[in-house]
Amino acid sequence: MTTDTERTRRFNELAEAYSTDLYRYAMWICGNDALAKDLVQETFLRAWRALDSLKDVAAAKSWLITILRREFARTFERKVPPFTDLEKVVIVDNDELEPDESTERDLLRQGILKLDSKYRDPLLLQAVFGHSCAEIAEQLGITKSAVMTQLFRAREKLKVQLQKDGVTGNVHELF
Amino acid sequence: MSMNFSEFKKLIGADPGNRDPETLRARHSSPEFEAAAVEADVFEAKLQTALHIQPPADLFDQLKKISQQPVRQRNWVPLALAASLLVFVSAAGLVWKQSRTWDSVESYVADHYSHDGSDMTANATDYLSDQDISKILAKLDARADQELAGRIKLIKFCPTPDGRGAHMVVSTDQGPVTVFYMPKTQVTDGEMVEFDQMHALLVSLEHGSAAIIGEQSQNLENLVSTLRVSLKTGLVDV
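Residues numbered from 1 in each chain as written. Chains lettered and ligands numbered in written order. Predicted model: local features only at pLDDT ≥ 70, side-chain atom pairs only at ≥ 80, totals over all residues.

1. As for the overall build of chain A
Part 1 of the argument: Counting secondary structure elements, chain A contains seven helices and zero strands.
Part 2 of the argument: For chain A, the α and β elements follow one another from N to C terminus as α-α-α-α-α-α-α.
Part 3 of the argument: Taking the contacts inside chain A whose residues are at least 6 apart along the sequence as the reference set, 68% of them involve residues at least 24 apart. (Helix = DSSP H or I, 4+ residues; strand = E, 2+ residues; numbered from the N terminus. Contact = placed C-beta atoms within 7 Å.)

2. Topic: the pairing of strand 7 (residues 209-215) of chain B
The side chains of a regular strand alternate, first on one face of the sheet and then on the other.
All names here are of chain B.
Part 1 of the argument: Judged by how many residues are buried, strand 7 sits mostly within the fold: six of seven residues are covered.
Part 2 of the argument: Relative to strand 7, strand 6 (residues 198-204) runs antiparallel, the two sharing seven bridges. The partner of Leu201 across the bridge, within strand 7, is Ile212. (Buried ≥ 20, exposed ≤ 12 C-beta atoms within 10 Å, placed from the backbone. Pairing = 2+ DSSP bridges.)

3. Let's talk about the interface of chain B and chain A
Part 1 of the argument: In this assembly, 31 residues from chain B lie in contact with 43 residues from chain A.
Part 2 of the argument: For the side of chain B that touches chain A, the elements supplying multiple residues, two or more each, are helix 1 (5-14), helix 3 (31-51) and helix 4 (59-66) of chain B.
Part 3 of the argument: Residue composition of the side of chain B that touches chain A, grouped by class: 13 nonpolar, nine polar and nine charged. (Nonpolar A, V, L, I, M, F, W, Y, C, P; charged D, E, K, R; others polar.)

4. Quick word on the pairing of strand 5 (residues 192-195) of chain B
Residue and element names in this part refer to chain B.
Part 1 of the argument: Summarising the sheet, strand 5 and strand 6 pair through four bridges and their orientation is antiparallel. Opposite Met192, over in strand 6, you have Leu201 as the bridge partner.
Part 2 of the argument: Hairpin connection, strand 5 to strand 6: the antiparallel pair is bridged by two residues, and Asp196 has positive phi, about 40 degrees.

5. Quick notes on helix 2 (residues 33-49) of chain A
In an α-helix there are 3.6 residues to a turn, and that puts residues three or four apart on one side.
Part 1 of the argument: Its 17 residues place the ends of helix 2 of chain A 25 Å apart at the C-alpha level, agreeing with the 24 Å of an ideal helix rising 1.5 Å per residue.
Part 2 of the argument: Buried residues of helix 2 of chain A: Ala36(A), Leu39(A), Val40(A), Thr43(A), Phe44(A), Ala47(A) and Trp48(A), and no others. (Expected span 1.5 Å × (residues − 1).)

6. A closer look at the confidence of the model for chain A
A low pLDDT means the predicted coordinates there should not be read in detail.
All names here are of chain A.
Part 1 of the argument: On average, residues of chain A score 82 in pLDDT, and 79% of them reach the 70 mark or higher.
Part 2 of the argument: Model confidence for chain A, summarised as mean pLDDT per element, is weakest for helix 3 (residues 60-78) at 84 and strongest for helix 5 (residues 117-127) at 95.
Part 3 of the argument: With pLDDT under 50 throughout, residues 167-175 is counted as low confidence; its partners more than four residues away or in other chains account for eight contacts. (pLDDT = per-residue confidence, 0-100.)

7. What about the sheet that holds strand 6 of chain B?
Residue and element names in this part refer to chain B.
Part 1 of the argument: Taken in spatial order, the six strands of this open sheet run 2-3-4-7-6-5, and their pairing is antiparallel. The sheet terminates laterally at strand 2 (152-160) and strand 5, the two strands that pair on one side only. Averaged over neighbouring strand pairs, the angle between their axes works out to 20 degrees when direction is ignored.
Part 2 of the argument: Lying over the sheet, helix 6 (residues 105-123) contacts strand 2, strand 3 (163-170), strand 4 (177-182), strand 5, strand 6 and strand 7, oriented at roughly 130 degrees with respect to strand 4. (Axes fitted to C-alpha atoms, helices over the stretch in contact; angles between N-to-C directions.)

8. So, the environment of Val169(B)
All names here are of chain B.
Part 1 of the argument: As for its placement among the helices and strands, Val169 is situated in strand 3.
Part 2 of the argument: The exposure class of Val169 is buried, given the 23 C-beta atoms found within 10 Å.
Part 3 of the argument: A C-alpha to C-alpha distance of 6.6 Å links Val169 and Ile155, two positions 14 residues apart in sequence.
Part 4 of the argument: Discounting residues that sit within four places of it in the chain, Val169 has contacts with Met120, Thr121, Ala124, Lys153, Leu154, Pro176 and Thr178.

Given below as structure tokens:
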């Protein structure tokens, strides 16, 4: 039988290992800091309650992502999520990038937030969590070839957006 | 057989971290391939930089507090009562099922919903595992993608005019609605059925059809595209 101490230890290990990536993922799917924090909190609250049902530690990451995605879907039932004005999403960074790099990064961020979820979801699962195409297919319930197509198109759309905005120089209008 | 340039571009565009032997060989097979690979790596580095956002500094400490909460102990008395009720409802349902035939989809929808629709909606819980959902849909050669599965609060087999189907309660932004999935029944797409202050929207799917049922104040149209995209029907190998 799992003791309380053992249970707490398992939970804290999960939180330490996955909370950062889950927060990033939540932030990119909802574009709202407060909602992202709520989603992660609620995800781990549900995980804590259901921890005994997690038999395979190797499946923990996918398990937590599934809980978070469902929780995000449920926010539409409990309340209408706050409207996210993509043009006004500003992510504060403390790192020191060159101005050009910083501009490019901000354009990419706007592009990611504007991507249709069918392209953004697989891209985030791959780039944030390091999922393989097969794992993404399982997580999203689509075929591996559909995942490959969506990942390719997601990147193409971001590249086009980057080139378009880079050429027209409308960076400042975004913020 | 080695891959051509177009295949290679698509592969690294979808999976730039791919390091299987064939892809690695292709990367170094010609200057054109090498340049494309470098370009993909550069873009990937930019993407990683863009995705890298810092979580709140106190996030982990906040999460650790969750583990200080007591885990709820299951109270078996309500479960026993619920089980008894389930046995009763199942028995009543069996009698109902065996005694019914319908001369039209419209009468089926109204009769079925009147039988247990509102009870099922009231009893729909917040927790359904993927396994619970896929176990039932797989028997009907169907599968729900995450967008739909994450919103299903209740699912069970149910009779339809042409054999077995599924009765689901699905969350929407206007509250829960009922969906009857009828794998072998054809309907007139977009037809509305009204009964007992409820209304139902009939939807043709790739294989079979569905009826979305809600109160007359609820807009049912919003669920149509989700059903069409996320309910994969007519699958023989799920």
